[in-house]
Amino acid sequence: MTLDLNSSWADADLAKLLASVSDDRDWRLEVDTKGVASLADKTAHPTGADYDEGLHCFLETWMEGTDFVGPSAAGDKALVGKIAKALRENYPELKASKFVYVQL
């Protein structure tokens, strides 16, 4: 599942994205240069600086079992709101670096 940040989207749409995966591996929320946000499986596909340079931005990697993805995370309105705020503040214009830190 993806979330197009160029469209009119709501926190509920981000919650659906978070709910679309299980908290059974490491995940990272990434936004490509076209403004499409997705969850990347970092357990199976670790990446390096060259890959990250091709992205618009990305959040920290959420380790397996930390409840930042999956149905539980999607139901946490405070968590979803903080991530949504960070995405809105950093797309289409970045506030700082490609790495977007969210105080959770």
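Numbers given to residues run from 1 along each chain, matching the order in which its sequence is written. Per-residue local features are limited, in this predicted model, to residues with pLDDT of at least 70; the limit for side-chain atom pairs, both in listing and counting, is 80 or more; totals at the level of whole chains, interfaces and linings are taken over all residues. In computing side-chain values, all of the structure's heavy atoms are included and hydrogens and water are not.

**Focus: the overall build of the protein chain**
Here comes step 1: When you go through the protein chain residue by residue, the secondary structure sums to four helices and five strands.
Here comes step 2: Helix numbers and strand numbers start at the N terminus; a helix is a DSSP run of H or I with at least 4 residues, a strand a run of E with at least 2. N-terminal to C-terminal, the α/β element order of the protein chain is β-α-β-β-α-β-α-α-β.
Here comes step 3: Using C-alpha atoms as the atom set, the radius of gyration is obtained and then compared with a globule rule of 2.2 Å times the number of residues to the power 0.38. At 13 Å, the protein chain has a C-alpha radius of gyration in line with the 13 Å of a compact globule built from 104 residues.
Here comes step 4: Dimensions along the principal axes, computed over C-alpha positions, put the protein chain at roughly 30 × 30 × 25 Å.
Here comes step 5: Put simply, the protein chain has 104 residues, and 39% of those count as buried.
Here comes step 6: In the protein chain, of all internal contacts separated by at least 6 residues, the share reaching a separation of at least 24 is 62%.
Here comes step 7: Note that accessible areas follow from Shrake-Rupley with a 1.4 Å probe, and for residues the cover is restricted to the protein chains shown. When the accessible surface of the protein chain is split by element, carbon and sulfur atoms take 52% of a total near 5700 Å².
Here comes step 8: Put simply, the protein chain has 11 plus and 18 minus side-chain charges, and the middle of one group is 5 Å from the middle of the other. Note on classification: 1.4 Å probe, protein chains only; a residue is buried when its accessible area is under 20% of the maximum for its type, exposed when over 50%, partly exposed between these limits. In this analysis, two residues are considered to be in contact whenever any of their non-hydrogen atoms come within 4.5 Å of each other. Two residue types count as positive, namely Lys and Arg, and two as negative, namely Asp and Glu; His and chain ends fall outside the count. By convention, the point assigned to a charge is CZ for Arg, NZ for Lys, CD for Glu and CG for Asp.

**Here's the deal with unusual backbone geometry**
Here comes step 1: With omega at 10 degrees, the peptide bond leading from tyrosine 91 into proline 92 counts as cis.
Here comes step 2: By the element assignment, proline 92 lies in the loop between helix H4 (77-90) and strand S5 (99-100).
Here comes step 3: One non-glycine residue, aspartate 67, adopts positive backbone phi at about 65 degrees.
Here comes step 4: Relative to the assigned elements, aspartate 67 resides in the loop between strand S4 (55-62) and helix H3 (71-74).

**Section: helix H1 (residues 11-19)**
Here comes step 1: The complete set of buried residues in H1 reads Leu14, Ala15, Leu17 and Leu18. End-on, the buried residues of H1 take up no more than an arc of 155 degrees, which puts them together on one face.
Here comes step 2: On the buried face of H1, the contacting elements are strand S1 (2-4), strand S2 (27-32), strand S3 (36-41), S4, H3 and H4. By construction, the arc corresponds to the directions joining the helix axis to the C-beta atoms.

**Focus on the sheet that holds S5**
Here comes step 1: Whether two strands pair depends on DSSP finding at least two bridges between them. Read across the sheet, five strands follow the order S1-S3-S2-S4-S5 without closing on themselves; strand pairing throughout is mixed. The two strands at the open ends of the sheet, each matched to only one other strand, are S1 and S5.
Here comes step 2: Judged from the five bridges that link them, S2 and S4 form a sheet pairing that is antiparallel. Paired with arginine 28 across the strands is threonine 61, a residue of S4.
Here comes step 3: Simply put, an axis is a line fit to the C-alpha atoms, just over the touching stretch for a helix, and the angle between two N-to-C directions goes from 0 to 180 degrees. Strands in contact with H4 are S2, S4 and S5; relative to S4, the strand with the most contacts, it is inclined by about 160 degrees.

**Here we look at H4**
Here comes step 1: Here H4 is 14 residues long and its end C-alpha atoms lie 20 Å apart, about the 20 Å a rise of 1.5 Å per residue gives.
Here comes step 2: Taken as a whole, H4 has its buried residues at Leu79, Val80, Ile83, Ala84, Ala86, Leu87 and Asn90. Mapping the buried residues of H4 onto a view down its axis gives an arc of 160 degrees, with all of them on the same face. Exposed residues lying more than 90 degrees from the buried face of H4 are Lys77 and Lys85. For a helix, the expected span equals 1.5 Å multiplied by the residue count minus one.

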